[in-house]
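Analysis of the macromolecular model
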Amino acid sequence: MSLDWWQEATAYQIYPRSFQDSNGDGIGDIRGIISRVDYLDYLGIDMVWLSPIFASPNADYGYDVSNYRKIMSEFGTMEDFEELRDELHSRDIRLILDMVVNHTSSEHEWFKKSREDPDGPYGDFYHWHPGKNNEPPNKWGAFFGGAAWEWDEKRQEYYLHLFHPAQPDLNWSNFKVRENVYDIMNFWLEKGVDGFRLDVINLLSKNFPETGTDSADNGGANGELVDCTPFVANGPRLQEYLAEMKSEVFDNFDMVAIGEVIATDDREAKKLVTGSEAPLDMLLHFEHVKLDQNENKWQPRSFSLVEFKEVIDRWYRSLYKGGWNAYYLTSHDQPRAVNRFGDAENFWYRSATMLAAMLLTLPGTPFIYQGDEIGMTNLDFTDPAEIKDIEAINFYEKMISQGHNPEDILQLIGQRSRDNSRSPMQWNDSNNAGFTDGEPWIKLNDNYEQVNAAQQRNVRGSILEFYRRLIRLRDEYSVLKDGFFLQSIAEDEDLFVYWRRNSETTLLILINFSAEEQEFLHDEFSHNLEFIVSNVLSNKEHPRQKFPALNPYEARIYKQLGR
Ligand code: TEU
Ligand code: CA
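Residues numbered from 1 in each chain as written. Chains lettered and ligands numbered in written order. Predicted model: local features only at pLDDT ≥ 70, side-chain atom pairs only at ≥ 80, totals over all residues. Heavy atoms only, no water.

Let's talk about the overall build of the protein
- Secondary structure summary: the protein contains 19 helices and 20 strands in total.
- Summarising its shape, the C-alpha atoms of the protein cover approximately 80 × 50 × 50 Å along the three principal directions.
- Within the protein, buried positions represent 61% of all 563 residues.
- For the protein, long-range pairs separated by at least 24 residues make up 70% of all intrachain contacts whose partners lie at least 6 apart in sequence.
- If you average the places of the 56 positive and of the 94 negative side-chain charges in the protein, the two averages end up 4 Å apart. (Helix = DSSP H or I, 4+ residues; strand = E, 2+ residues; numbered from the N terminus. Buried < 20%, exposed > 50% of the residue type's maximum accessible area, 1.4 Å probe, protein only. Contact = heavy atoms within 4.5 Å. Lys, Arg positive; Asp, Glu negative; His and termini not counted. Charge placed at Lys NZ, Arg CZ, Asp CG, Glu CD.)

Right, here's the structure in full:
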């Protein structure tokens with residue numbers, strides 16, 4: 001089976017603001033990334049996704065773009081960018097940029113002109129509405145809290161923002177908007193980037209209720225704000241816009257289009273990534289990272305492996321024919337995986353490596369988030385001033401105004417906030433973990449003296465070396481890239497057991513998600529399976545003709561012989 005380069009790749013997400021500072025201002029930058037390209041090469045990844053690097057006032061740290069053709073001044077210059085591109089390419093590492101085109105910053109020229117001149121060429125670039133009886137046109141709530149409509153004094157109208165008020169949504173039904181966006185995308189592809197991660201790409205087409213009878217118009221029972229997701233996710237013209245994007249942009253380049261999709265299940269996903277006309281190549285979705293929450297992320301519930309396996313299995317079945325999957329456990333929007341799906345306190349090394357083994361052997365393209373490869377963990381917040389993320393700040397303020405105990409809220413933020421994964425990359429045990437000579441823009445994790453890349457690099461038995469080994473294993477065993485996926489004991493609450501199989505090779509992957517020993521294999525089959533790797537046992541420690549029980553948080557891989 002022949003795969004595209006992005007299907008064979010192991011991807012690595014960099015959050016530039018927190019990766020490496022080069023000039024002592026406490027903010028990571030492109031020259032900092034350039035100085036760490038050798039590290040990426042050593043790790044063995046094939047593709048880097050940079051969170052947004054375009055000019056931005058940083059209401060949402062780059063996810064609010066004020067100029068799509070300029071590098072954010074804190075991050076450097078276009079020359080720096082080109083140097084980074086070349087440094088990566090000379091090591092066969094592809095470069096993926098984050099395209100945020102559902103909305104812009106309110107500082108973008110388009111928005112400024114749109115506010116000033118309703119009849120001018122940009123008047124219709126955003127969603128404007130005069131309102132009804134001095135109220136917004138409907139009761140949609142924004143994802144970061146508050147109403148999704150903001151009154152604009154200048155234009156004397158409301159505008160739509162599904163996220164922060166400084167992130168007005170573009171009006172995709174205006175073909176001029178679309179043309180402008182395609183130009184920007186072509187500009188970067190011509191500059192040699194290898195693809196895009198497309199931010200909330202399934203929100204482009206909004207389904208505005210038309211009459212005053214809809215619940216979204218009038219709000220909930222007491223007129224309160226309603227969740228806008230059903231009206232804005234996978235809307236009526238989404239397919240049309242994406243098909244156009246494909247023919248105007250994607251079809252002209254050897255590139256990968258990775259869509260971030262919210263409120264999208266595997267059936268919706270099929271329409272986006274399967275079949276020869278599919279507009280996108282793969283999706284970053286949220287089903288598996290919502291399993292440990294109730295209504296929303298601030299209401300945790302316990303994680304169930306059975307549910308997790310069901311999500312993985314269902315997405316695989318839906319997409320393997322003519323489509324492709326992508327996996328991530330941590331991102332710049334999610335807390336650290338080792339705290340969430342493992343046991344960072346009692347089994348830090350084992351649960352971090354067990355998650356690595358899983359991520360790198362599931363059927364699809366794996367995305368490693370910076371710092372997970374050295375076992376970075378969530379933060380302890382002691383002071384509200386330490387919270388930098390607008391979503392968490394809004395949540396904190398709301399809870400305090402409702403009379404909640406600040407300590408409890410800080411503790412919850414230390415479990416759930418996006419700040420957790422945005423703390424500076426821990427390079428070594430020197431001042432500020434080697435991230436900056438200045439004051440880091442965001443709280444540094446105080447475990448950096450124990451948890452850092454320098455201490456693990458080339459050290460046997462480190463998390464970093466285990467990641468490297470598994471990344472190499474993907475090259476040694478192509479079945480990990482192109483093989484079928486077949487799960488066993490789906491109902492088991494502690495073990496994730498699956499096979500990867502192609503015409504030459506079959507691998508068996510056993511993952512123990514529990515703190516207890518687990519029996520699984522019978523010794524009578526031992527002649528049939530050859531031990532390959534484990535995060536607990538070495539080759540020498542694994543007995544012949546026997547299957548030791550799986551240790552707590554052990555991941556083990558066998559190869560099936562004689563076929
Ligand atoms: O994320 C979309 C998104 O749905 C998140 O806001 C998610 O709901 C939230 O992080 C859960 O805590 C993308 C970007 O990845 C995110 O960083 C941006 O803030 C957002 O879009 C707006 O651009
Ligand atoms: Ca800097």
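So, the sheet that holds strand β18 (residues 506-512)
- Ordered in space as β16-β17-β18-β20-β19, the five strands form an open sheet in which the pairing is antiparallel. Each end of this open sheet is capped by a strand with a single partner; those strands are β16 (484-488) and β19 (529-534). The mean angle between the axes of side-by-side strands here comes to 25°, regardless of whether they run parallel or antiparallel.
- Taken together, the seven bridges between strand β17 (residues 495-501) and β18 define a ladder with antiparallel strand orientation. Note that in β18 the partner of F496 across the bridge is I511.
- Against the sheet, helix α13 (residues 348-359) contacts β17, β18 and β20 (555-560), and its axis sits at roughly 145° relative to β18. (Pairing = 2+ DSSP bridges. Axes fitted to C-alpha atoms, helices over the stretch in contact; angles between N-to-C directions.)

Topic: the environment of A9
- Structurally, the position occupied by A9 is in the loop between α1 (5-8) and β1 (11-14).
- Once you skip the residues sitting within four places of it in the chain, A9 turns out to touch D46, M47, T365, P366 and R474.

Description of the layout of surface pockets
- Of the pockets and cavities examined, the largest pocket occupies roughly 1,500 Å³.
- Around the largest pocket sit 49 residues that line it, and A142, F143, F144, N296 and E391 are the ones nearest its centre.
- Of all the secondary-structure elements, those providing two or more residues to the lining of the largest pocket are β11 (226-227), α14 (390-401) and α15 (406-416).
- Here the lining of the largest pocket is composed, by residue class, of 20 nonpolar, 14 polar and 15 charged. (1 Å grid on protein atoms, 1.4 Å probe; cavity = no way out; pocket = protein on both sides within 12 Å on 5 of 7 lines; lining within 4 Å. Points joined across faces, edges and corners; volume = space filled by probe spheres on them. Nonpolar A, V, L, I, M, F, W, Y, C, P; charged D, E, K, R; others polar.)

Looking at the sheet that holds strand β6 (residues 128-129)
- One open sheet accounts for three strands, arranged β6-β9-β8; its pairing is antiparallel. Both edges of this open sheet fall to β6 and β8 (149-152), since each of them pairs with a single strand only.
- Relative to strand β9 (residues 157-160), β8 runs antiparallel, the two being bridged by four bridges. Looking across to β9, one finds that W149 is bridged to L160.

Notes on the pattern of salt bridges
- Counted under the stated rule, the structure contains 40 salt bridges.
- Ionic pairing is found between E244 and R178, a salt bridge with its closest N-O pair at 2.5 Å. Remark: R178 occurs in helix α6 (residues 175-190) and E244 occurs in helix α9 (residues 238-248); sequence separation between them is 66 residues.
- Connected through shared salt-bridge partners, D60, K297, D333, D389, E391, R418 and R422 make up one network. (Salt bridge = Lys/Arg side-chain N within 4 Å of Asp/Glu carboxyl O.)

Points about the pairing of strand β10 (residues 195-198)
- With burial as the criterion, each face of β10 is covered, one bearing G195 and R197 and the other bearing F196 and L198.
- Across four bridges, strand β5 (residues 94-99) lies against β10 in parallel orientation. When the sheet's bridge partners are listed, D98 is paired in β10 with R197.
- Sheet topology places β10 next to strand β12 (residues 256-260); four bridges connect them, and they run parallel. Opposite R197, over in β12, you have I258 as the bridge partner.

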